[in-house]
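So the chains spell out like this:
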Amino acid sequence: MGYAHEYAAAIMHRGRVPMDPADFVPNWQDGPRKAKFYPGADSFPLPDAPYPADATLDRGLFPEGDPGDGAFDLASLSGMLRDSYGLTGRRLGVQANTDLSALPFYPLANWSRGSASGGGLYPVGVHWVSGPSGPVPPGVHYYSTRHHAMQRLLTGDVSGEVRAALGEGAPGPATDQYLVLSIKFWQNSFKYNSFSFHAVSMDLGACLQTWRMWAAARGLAVEPALWFDEERLAALLGADPQEEGIFAVVPLKWTGYAPGSDGPAAPVSVRRKDVERSRTVLTFDALLRMQAATSADATARPAPGALAPAAAHPVDLAATEVELPPARPLETDVRTALRDRRSSFGRFDAQQPVTRPQLAACLSSAVAGSRLGGDTGETRLAKLYAFVGHVEGLEPGSYAYDPERRSLRRVKEGRPGEFLQRNYFLANYNLEQAGAVLVPTVRTAAVLDAVGDRGYRLVNATIGAVAQSVYTAASAVDLGCGVALGFDNISYIEELGLEGTGEAPLLIMMIGNERPAPADFRYEIA
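Throughout this document, residue positions are counted from 1 along each chain, in the order its sequence is written. In keeping with the model being predicted, local features are shown solely for residues with a pLDDT of at least 70 and side-chain atom pairs are shown and tallied solely at 80 or more, while totals for entire chains, interfaces and linings include all residues. As a convention, hydrogens and water are excluded, and side-chain values are obtained from all of the structure's heavy atoms.

Novice: Kindly report on the layout of surface pockets, identifying the contributing residues and their values.
Specialist: Estimated volume of the second largest pocket: approximately 900 Å³. Site definitions follow a grid-based scheme: protein atoms alone, a 1 Å grid, a 1.4 Å probe that fits but cannot get out for cavities, and for pockets an open set with protein on both sides within 12 Å along at least five of seven lines, plus lining residues having an atom within 4 Å of a point. Taken together, 37 residues line the second largest pocket, and the ones lying closest to its centre are L61, F62, P63, R212 and A216. Elements represented by at least two residues in the lining of the second largest pocket include exactly α2 (57-61), α6 (196-216) and α10 (356-368). Grouping the amino acids of the lining of the second largest pocket by side-chain chemistry returns 16 nonpolar, nine polar and twelve charged. Grid points are joined across faces, edges and corners, and a volume is the space filled by probe spheres set on the points. To qualify as a helix, a DSSP run of H or I must reach at least 4 residues; to qualify as a strand, a run of E must reach at least 2; elements of each kind are numbered from the N terminus. Three residue categories are used. Nonpolar comprises Ala, Val, Leu, Ile, Met, Phe, Trp, Tyr, Cys and Pro, charged comprises Asp, Glu, Lys and Arg, and polar comprises the others, including Gly.

Novice: For the sheet that holds strand β2 (residues 89-93), give the residues involved together with the corresponding values.
Specialist: For two strands to pair, DSSP has to find at least two bridges joining them. A sheet is described by the order of its strands in space; here three strands give the open sequence β3-β2-β17, paired in antiparallel fashion. The sheet terminates laterally at β3 (111-112) and β17 (520-524), the two strands that pair on one side only. Two elements, β2 and β17, share five bridges in a ladder whose sense is antiparallel. By the bridge assignment for β17, L92 is matched with F521.

Novice: Account for unusual backbone geometry, with residues named and values stated.
Specialist: A cis amide bond links D20 with the next residue in sequence, P21, at an omega value of -5°. Relative to the assigned elements, P21 resides in the loop between α1 (3-13) and β1 (43-45). Of note, N193 is a non-glycine position whose phi angle comes to about 40°, a positive value. Here N193 shows up in the loop between α5 (186-192) and α6. Here F345, not a glycine, exhibits a phi torsion of approximately 40°, which is positive. Note that F345 resides in the loop between α9 (334-340) and α10.

Novice: Which residues make up the nonpolar core, and what values do they have?
Specialist: The definition of a nonpolar core used throughout is a set of buried Ala, Val, Leu, Ile, Met, Phe, Trp, Tyr and Cys residues joined through side-chain atoms within 4.5 Å. For every residue, the accessible area obtained with a 1.4 Å probe (protein chains only) is divided by the maximum for its type, and the residue is called buried under 20%, exposed over 50%, and partly exposed between those limits. Counting residues in hydrophobic clusters, the biggest one holds 139 residues, and the most contacted among them are L179, W211, L359, L438 and I508. Looking at which element gives the most residues to this core, the answer is helix α13 (residues 455-476), with 13 residues. Those residues in contact with L179 that sit more than four places away from it in its chain are L77, M80, V126, H127, W128, W211, A248, V249, V250 and L252. Of all hydrophobic cores here, the second largest spans 24 residues; its members include A35, L154, V158 and I246. Two residues qualify as a contact provided that any one of their heavy atoms is within 4.5 Å of a heavy atom in the partner residue.

The following block contains the structure:
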């Protein structure tokens, strides 16, 4: 049994037994940048990319059949990056989050993005490894989110090195264009210390799911690989494996790619170094051990069906079934839904309840987001529960979602508001005022037993993908949404009766209508 089991147990119990260092206080004045900084690197701006109105969220979440012959080009790559991690606008608003006092100051501006991120930290770094079929000279580029531009870190065709690192049986098309996703741990650990590995692996899933929705709605495919030679790719990017993990590779089917033009693998490395803003950079034992544990067998790609023993726990068919109407259609185009997405932070107002079609849309979207595809297969790992407080035509209580019948199975009767608020750590939400609180669970220990410690990244990426799907669906059906990790996981296990199933509640997602006439400021920059 690897260290990931021990870490997972500590995460589940942290509401009762604080993780070390229990007395940690972030040094906000010495915090890192929200992106890597390569001074002197040449860059080129990415083009504007119109988004078709018929590329709806329904198509993105529930694609029918194969994506077809669609292939990426520079414009579609630009659009996907802008709509996921690029800065799209500045937002200010009177709300209940603890950072409200800082937001009016321009240096601390809260810039909106399409993907969600724990603490708004956005630690995922996107690198484009471009081969000869690309529109620019081959090389390694870093996506600068602040400038919506590519910074050139290395010139030369090294796509063969990525291909070799992926190995046999890797998902995705034959190509010489790859997105390599890394996470610089200090961008998150300066705030969340030992807890940070748990948060950043969810950030990965949120980013990947944004890409999957965005691409599928346009007839394109994004199939991420989570298993590959991580040490080899870290060497290519010039990254210290203790400071920066390589979490995913996305091969892109590219317009004009000609098989046979692939270059050989070559042991080269980016020599430019990211310049850290923080004067003092701390390390945390749990973070270092999790990076070591989850990268140790990174090339051991799971065999087909390996995750079947860890599939989502089946619903109790003997429990009382509560039918739901058809989900409200998600007719908003993906770009609009992503740009309207935001966290509600204490704005929920139960005077206007959620409708059942709205709830059904959020539930079905969560399930759609629970399969990352790629080298993780099609096994659904997440099961969904709903604490219903204010939904038209539904009795308050807790329910399990039955994805096959698209209905609810009653777990417990009674208003859940008092339980939800008592077991929430922060003061930025009144959970009783939410229409419903959705809770995804994964059998974490079973996943780790099935595919090893690297499966921890898959577990949390799945949860991040579920959260991003719900956020975006809520935007499309005119609901507010908020996602939080600060709750007593063990109390949720006890409340839902999960002691014998191995299910771990890893995140809570609140949906509901917000108070009218909010005091908001929005300035769009994209």
